[in-house]
Amino acid sequence: MKRFLAVITLGGVGLLTACGPAPTPQQQAARQHEIACLGGTLGGALIGGAIGNQFGGGSGKDILTAAGALAGGVEGQRFAC
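Scoring rules and cut-offs
- Residues numbered from 1 in each chain as written.
- Predicted model: local features only at pLDDT ≥ 70, side-chain atom pairs only at ≥ 80, totals over all residues.
- Heavy atoms only, no water.
- Helix = DSSP H or I, 4+ residues; strand = E, 2+ residues; numbered from the N terminus.
- Expected span 1.5 Å × (residues − 1).
- Buried < 20%, exposed > 50% of the residue type's maximum accessible area, 1.4 Å probe, protein only.
- Contact = heavy atoms within 4.5 Å.
- pLDDT = per-residue confidence, 0-100.
- Patch = residues over 30% accessible without salt bridge, like charges linked within 9 Å, V, L, I, M, F, W, Y side chains within 5 Å.
- Areas by Shrake-Rupley, 256 points an atom, 1.4 Å probe, with all protein chains shown as cover.
- Salt bridge = Lys/Arg side-chain N within 4 Å of Asp/Glu carboxyl O.

What follows deals with helix α2 (residues 25–52). Between its first and last C-alpha atoms α2 spans 40 Å; for 28 residues at 1.5 Å apiece the expected length is 40 Å, and the two agree. Buried residues of α2: Cys37, Gly40, Gly44, Gly48, Gly49 and Gly52, and no others. Contacts from the buried residues of α2 go to α3 (59–80).

Structure below.
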C-alpha cells in the first residue's frame, strides 16, 4: 500500500511539474505540441486496442489487440503530429 501511494504521489508531482508555465512563448508552443502528439498516440493506441480486441479468439485475440494498439498508436501520432 505504501508503494502504491508513493507511485501515485510521484506521478502526480511529475504531472503538475510538466504542466507548469514555460519561460518563453516558443517553449510553451513546443510543450503544447508535445502534449498533443502524446495524446494522439495514446488515444490512437487505446482505440486501436479496443477495436483489435473485438476480433479473434484465444491467443489470436491477444495478438490482434496488440496489433490494433500498435497500428492505432502509429496512426494517432501521425494524425496529431
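And the narrative resumes.
To continue, consider the confidence of the model for the protein. Detailed reading of the predicted model is not advised wherever pLDDT is low. For the protein, per-residue confidence averages 82 on the pLDDT scale, and 77% of positions sit at 70 or higher. Mean pLDDT per element in the protein: helix α1 (residues 2–18) is the minimum at 67, and α3 is the maximum at 90.

Where nonpolar side chains cluster on the molecular surface, the patch consists of Leu46, Ile47, Ile51, Phe55 and Leu64 and spans about 520 Å² of accessible area. Counting residues per element, the nonpolar patch draws most heavily on α2, which supplies 3 residues. With respect to the helices and strands, Leu46 occurs in helix α2.

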